[in-house]
Amino acid sequence: MKDLKPDELRIHALTSSALIVNQKANLQILRGDLEAASFQIEDLKKLKAVSEKRAARLAENLAQQIRVHEARIAAAEGRLDADIPYLEEEVQYAGNAIYRKEMQLELAEYALRTGDQEKARAYLHDIIADRKGLYTEKRADELLAHPEAYTKYTKAILDAQGEKIGEEDSDGFVVIRE
């Protein structure tokens with residue numbers, strides 16, 4: 001502990017904070033809470049701004065993570081400006097099966113949202129080709145069996161005070177849950 005300098009401790013704290021916020025954003029996207037994920041992205045941007053002065057390598061990594069999360073949110077919302085080529089590149093260079101299959105599932109769901117059944121099937125078959133007992137494989141099986149049952153994303157409807165008062169689906173219809 002004596003050898004640690006204050007600047008080194010700050011860099012470690014920045015790195016730890018970035019890892020935690022990045023995982024929170026990832027979990028929010030996986031849960032489908034895109035609004036909460038957007039807040040996490042804003043936190044990542046703040047961490048990136050701080051790290052640019054102290055840890056250039058961390059800032060570069062954060063910029064890449066921000067881009068990935070923004071592309072994932074755009075894809076989950078079915079937006080035409082979603083950076084699909086970048087997400088496909090993420091699949092290509094994914095270092096582990098869990099992350100690769102998560103990205104493939106998100107791309108398959110985007111393809112279903114945009115009506116590209118053939119591309120969706122290709123992603124889904126890639127997911128189940130090498131089974132590892134992951135939730136993504138179960139979800140891929142479900143989507144292959146019933147692609148018409150795929151539910152579109154929902155987003156929160158907020159009142160003037162920012163309180164959630166309901167949900168709206170991607171077609172603009174209010175979602176009623178019983």
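One structure accompanies this document, and this report is about it. This one's a predicted model, so the numbers in the text were calculated from it and none came from an experiment. (Residues numbered from 1 in each chain as written. Predicted model: local features only at pLDDT ≥ 70, side-chain atom pairs only at ≥ 80, totals over all residues. Heavy atoms only, no water.)

Bringing the environment of aspartate 126 into the picture now. For aspartate 126, the location among the structural elements is in helix H6 (residues 117-129). Accessibility expressed as a relative area gives 46% for aspartate 126, which makes it partly exposed. Each C-alpha atom of the pair aspartate 126 and lysine 101 lies 8.3 Å from the other, and the pair is 25 residues apart in sequence. (Helix = DSSP H or I, 4+ residues; strand = E, 2+ residues; numbered from the N terminus. Buried < 20%, exposed > 50% of the residue type's maximum accessible area, 1.4 Å probe, protein only.)

Moving on to the pattern of salt bridges. Scanning the entire structure with this criterion turns up 14 salt bridges. Put simply, arginine 67 and aspartate 83 hold a salt bridge, and the shortest N to O gap is 3.0 Å. Residue arginine 67 is found in helix H3 (residues 56-76), and its partner aspartate 83 is found in the loop between H3 and helix H4 (84-93); the two are separated by 16 residues along the sequence. Aspartate 81 serves as the salt-bridge partner of arginine 79, at 2.9 Å between the closest nitrogen and oxygen. On the basis of relative accessibility, which here comes to 35%, the residue arginine 79 falls in the partly exposed class. Here the residues in one salt-bridge network are Glu42, Lys45 and Glu70, joined through shared partners. (Salt bridge = Lys/Arg side-chain N within 4 Å of Asp/Glu carboxyl O.)

A separate point is the environment of glutamine 40. On the secondary structure map, glutamine 40 appears in helix H2 (residues 34-54). When the C-alpha atoms of glutamine 40 and isoleucine 66 are compared, they prove to be 9.4 Å apart, with 26 residues separating the residues in sequence. Sequence-distant contacts of glutamine 40, defined by excluding residues within four places in its chain, comprise Val21, Lys24, Ala25 and Gln28. (Contact = heavy atoms within 4.5 Å.)

Between its first and last C-alpha, helix H5 (residues 97-113) extends 24 Å over 17 residues, near the 24 Å set by a 1.5 Å rise per residue. The element H5 is extensively covered by neighbouring structure, given that 13 of its 17 residues are classed as buried. The backbone nitrogen of isoleucine 98 has a side-chain oxygen 3.2 Å away, supplied by the residue at the start of H5, namely asparagine 96. Glycine 115 lies just past H5 and shows a positive phi near 85°. (Expected span 1.5 Å × (residues − 1). Polar contact = N/O pair within 3.5 Å; in protein donor to acceptor, adjacent residues only side chain to side chain.)

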